[in-house]
Amino acid sequence: MKRSLPLAMLLALSLAPAARAATEADYKAAYAAAETASKEAAGLRHQWTTTVSTLAAAKKAADGGDFDRAFAAAKEAEALAKASIFQATSEKEAWKTMEIR
């Protein structure tokens, strides 16, 4: 038991990707994915305002040359958009179970 924990930690650390700076290409790919998800949420008429502001923050950071921050903001915006899509689709039918009969 005592040997397996350090071994597991060593294995986990060796498999973890090395941290590296985000490039402009990384940002553009993340931004495109976020924008696509955001448009899908808007099509469902369930776009969160935080998604829009986070996308704007990503663009502003990229315009300033801070691609690490821009990449992180774009990934966050994508996660927010996907969460809003999930909420829209799950609530599409869920309201019926809460309806007073």
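Look a little higher up for the structure.
Summarised in this report is the structure supplied together with it.

1. Quick notes on the overall build of the protein
Now for step 1: Scanning the protein for helices and strands turns up four helices and zero strands.
Now for step 2: Mapped from its N terminus to its C terminus, the protein presents α and β elements in the order α-α-α-α.
Now for step 3: The 101 residues of the protein split such that 26% are buried.
Now for step 4: Expressed as a percentage of contacts within the protein between residues at least 6 apart in sequence, the contacts between residues at least 24 apart total 73%.
Now for step 5: As displayed, the protein offers around 7600 Å² of accessible surface, 63% of which is attributable to carbon and sulfur atoms.

2. Here we look at the nonpolar core
Among soluble globular proteins, nonpolar side chains are generally buried collectively.
Now for step 1: Among the nonpolar cores identified, the biggest contains 13 residues, and Tyr27, Tyr31, Leu55, Ala58, Ala62, Ala70 and Ala74 are the most heavily contacted of them.
Now for step 2: Counting residues per element, the ones that place at least two in this core are α2 (24-43), α3 (49-63) and α4 (67-98).
Now for step 3: Looking at which element gives the most residues to this core, the answer is α4, with five residues.
Now for step 4: Not counting chain neighbours up to four residues away, the residues in contact with tyrosine 31 comprise Leu55, Ala58, Lys59 and Ala74.

3. Considerations on α4
Now for step 1: Taking 1.5 Å per residue as the helical rise, α4 with its 32 residues ought to reach 46 Å, and the 45 Å between its terminal C-alpha atoms agrees with that figure.
Now for step 2: Within α4, the axis deviates most sharply at lysine 92, by approximately 45°.
Now for step 3: For α4, the complete set of buried residues consists of Phe67, Ala70, Ala73, Ala74, Ala77, Glu78, Leu80, Ala81, Ser84, Ile85 and Ala88.

4. Section: the side chain of glutamate 78
Now for step 1: In this structure, glutamate 78 sits in helix α4.
Now for step 2: On the basis of relative accessibility, which here comes to 12%, the residue glutamate 78 falls in the buried class.
Now for step 3: Every residue in contact with glutamate 78, bar those within four places of it in the chain, is listed here: Ala33, Ala34 and Ala37.

The rules behind each value
- Residues numbered from 1 in each chain as written.
- Predicted model: local features only at pLDDT ≥ 70, side-chain atom pairs only at ≥ 80, totals over all residues.
- Heavy atoms only, no water.
- Helix = DSSP H or I, 4+ residues; strand = E, 2+ residues; numbered from the N terminus.
- Buried < 20%, exposed > 50% of the residue type's maximum accessible area, 1.4 Å probe, protein only.
- Contact = heavy atoms within 4.5 Å.
- Areas by Shrake-Rupley, 256 points an atom, 1.4 Å probe, with all protein chains shown as cover.
- Core = buried A, V, L, I, M, F, W, Y, C linked by side-chain atoms within 4.5 Å.
- Expected span 1.5 Å × (residues − 1).
- Bend = angle between axes of the 7 residues up to and from the residue.

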